[in-house]
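Listed here are the chains, written in short residue letters.
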Amino acid sequence: MATRGIDLLAVVVGASLYGMITVGGAFFRARGLSLYEISLMIVMGVAIVLAPVVLGFRRLRPRRSDFASLALFGLVGAALQLSQFLGIVLGVPVATVALLLYSQPIWTVILGRALLREKVSRRKLVAIALALAGVAVLIQPGGLGFGADLGDRAAAIGLVAALFGGFLLSCWVVLGRRARLRGLPAITTACGYCAFSSLWLLLALPAAKLLTSEPILTRLDFGMYLSNAPAVGAFVLVAGIGPAVITMWGMRRVEAMVAGVLLLFEPISAALLAALLLGQSLTGRVGLGGLLILASNFVILRRPRGRDSAA
């Protein structure tokens, strides 16, 4: 019981640190970085830092049989990186991107049931309903309109990408859980995921350049990282290495459905960070959304009785 409680706390802490991702994406967009530069930055940075550690210790090295699952995990990660940042780069409000991205609990329940055979209990459905209501309140779904500087086509692409990101995020939860069930150490899972995500992004770049020649989307200038080195280093450490290792460590005994709900701590963290770092004010709506999300976690974490106890 105590050990599982620590694992649950680890997922919550990791989710809270992940709140830096969308805020950081908006920050680096304002600095002039492209979609590809923002998407590649965090996964490549994590892989570069963790690879020497993983390769330096025999017990941390992945088995040959693990490479296929890590490659698939990384492919989902590469697509997730592009989808979650595309809307932001195109100028879609961060709140709108977050709303569509956090449709993921619905997909997590479906995939958790289909791939991991996890039971869908009424308790989990109530928790997910509360969490989704909290996210809807938190990010103000009434403000889905875009600025005048965003064309209809760009708006549609950004919305579809963010919605697809919700599905990819649920895949990320399920595949991360499966990797931990295979016995891979958390640091190995995080490193393998980021290394393969980086590889897939680099391999896909020529195809992306065929689809569009817009520099803000497909430019890859490593000099941009050097010119923003302190911010890049802090972003990789706080939003990349920390949450990746902590979350993967916690997923060893946390079901994918539960992890999907706990990851909803990310928008709470993002709202607070936006207030602290970007000067956005915290409103009563933010407080109400946070309370609903916390209520959802109380429902999912309380010890059930009877038939639901195995859920």
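Residues numbered from 1 in each chain as written. Predicted model: local features only at pLDDT ≥ 70, side-chain atom pairs only at ≥ 80, totals over all residues. Heavy atoms only, no water.

Further remarks concern the overall build of the protein chain. Assigned secondary structure in the protein chain consists of 15 helices and zero strands. Per-residue burial for the protein chain yields a buried fraction of 52% across its 311 residues. Within the protein chain, contacts between residues at least 6 apart in sequence are counted, and of these 89% link residues at least 24 apart. As displayed, the protein chain has an accessible area near 14200 Å², and 68% of this comes from carbon and sulfur atoms. (Helix = DSSP H or I, 4+ residues; strand = E, 2+ residues; numbered from the N terminus. Buried < 20%, exposed > 50% of the residue type's maximum accessible area, 1.4 Å probe, protein only. Contact = heavy atoms within 4.5 Å. Areas by Shrake-Rupley, 256 points an atom, 1.4 Å probe, with all protein chains shown as cover.)

Let's shift gears to a nonpolar patch on the surface. Nonpolar side chains collect at one region of the surface, where Leu72, Leu75, Leu199, Trp200 and Leu203 lie side by side and expose about 450 Å² of accessible area between them. Residue assignment for the nonpolar patch shows that the elements contributing at least two residues are α4 (67-89) and α9 (186-211). Ranked by residue count, the leading element in the nonpolar patch is α9, at three residues. Counting through the fold element by element, Leu199 comes out in helix α9. (Patch = residues over 30% accessible without salt bridge, like charges linked within 9 Å, V, L, I, M, F, W, Y side chains within 5 Å. Salt bridge = Lys/Arg side-chain N within 4 Å of Asp/Glu carboxyl O.)

This next bit is on the environment of Phe265. Along the polypeptide, Phe265 turns up in helix α14 (residues 265-277). Relative accessible area serves as the criterion here: at 15%, Phe265 is assigned to the buried category. Taking the C-alpha atoms as reference, Phe265 lies 9.1 Å from Leu17; in sequence the two are 248 residues apart.

Moving on, we get to the side chain of Ser39. With respect to the helices and strands, the residue Ser39 is situated in helix α3 (residues 35-56). A distance of 2.8 Å separates a polar atom in the side chain of Ser39 from the backbone oxygen of Leu35. If we skip the residues at most four places from it in the chain, Ser39 touches Gln81, Leu82, Phe85 and Leu201. (Polar contact = N/O pair within 3.5 Å; in protein donor to acceptor, adjacent residues only side chain to side chain.)

Moving on to empty space enclosed by the protein. Here the structure, examined in full by the defined rule, presents one cavity of 30 Å³ or more. Quantified by volume, the largest cavity comes out at close to 250 Å³. Forming the walls of the largest cavity are 19 residues, and the residues nearest its centre are Tyr18, Ile21, Gln81, Trp172 and Tyr193. Of all elements in the fold, only α3, α4, α8 (152-181), α9 and α12 (229-250) reach the threshold of two or more residues within the lining of the largest cavity. For the lining of the largest cavity, the per-class residue count stands at 15 nonpolar, three polar and one charged. (1 Å grid on protein atoms, 1.4 Å probe; cavity = no way out; pocket = protein on both sides within 12 Å on 5 of 7 lines; lining within 4 Å. Points joined across faces, edges and corners; volume = space filled by probe spheres on them. Nonpolar A, V, L, I, M, F, W, Y, C, P; charged D, E, K, R; others polar.)

Right, let's talk about the confidence of the model for the protein chain for a bit. Detailed reading of the predicted model is not advised wherever pLDDT is low. Summarising the model, the protein chain shows a mean pLDDT of 78, and 78% of its residues fall at 70 or more. Note that pLDDT drops below 50 for residues 141-150; the model gives that stretch 15 contacts with residues more than four away or on any other chain. Here residues 306-311 scores under 50 on pLDDT; set against residues more than four positions off or in separate chains, the count is ten contacts. (pLDDT = per-residue confidence, 0-100.)

As a further point, take the layout of surface pockets. Of the pockets and cavities examined, the largest pocket occupies roughly 610 Å³. Around the largest pocket sit 21 residues that line it, and Leu35, Leu86, Ile157, Thr212 and Leu217 are the ones nearest its centre. Counting residues per element, the ones that place at least two in the lining of the largest pocket are α3, α4, α8, α9 and α10 (215-218). Class assignment of the residues belonging to the lining of the largest pocket gives a composition of 16 nonpolar, three polar and two charged.

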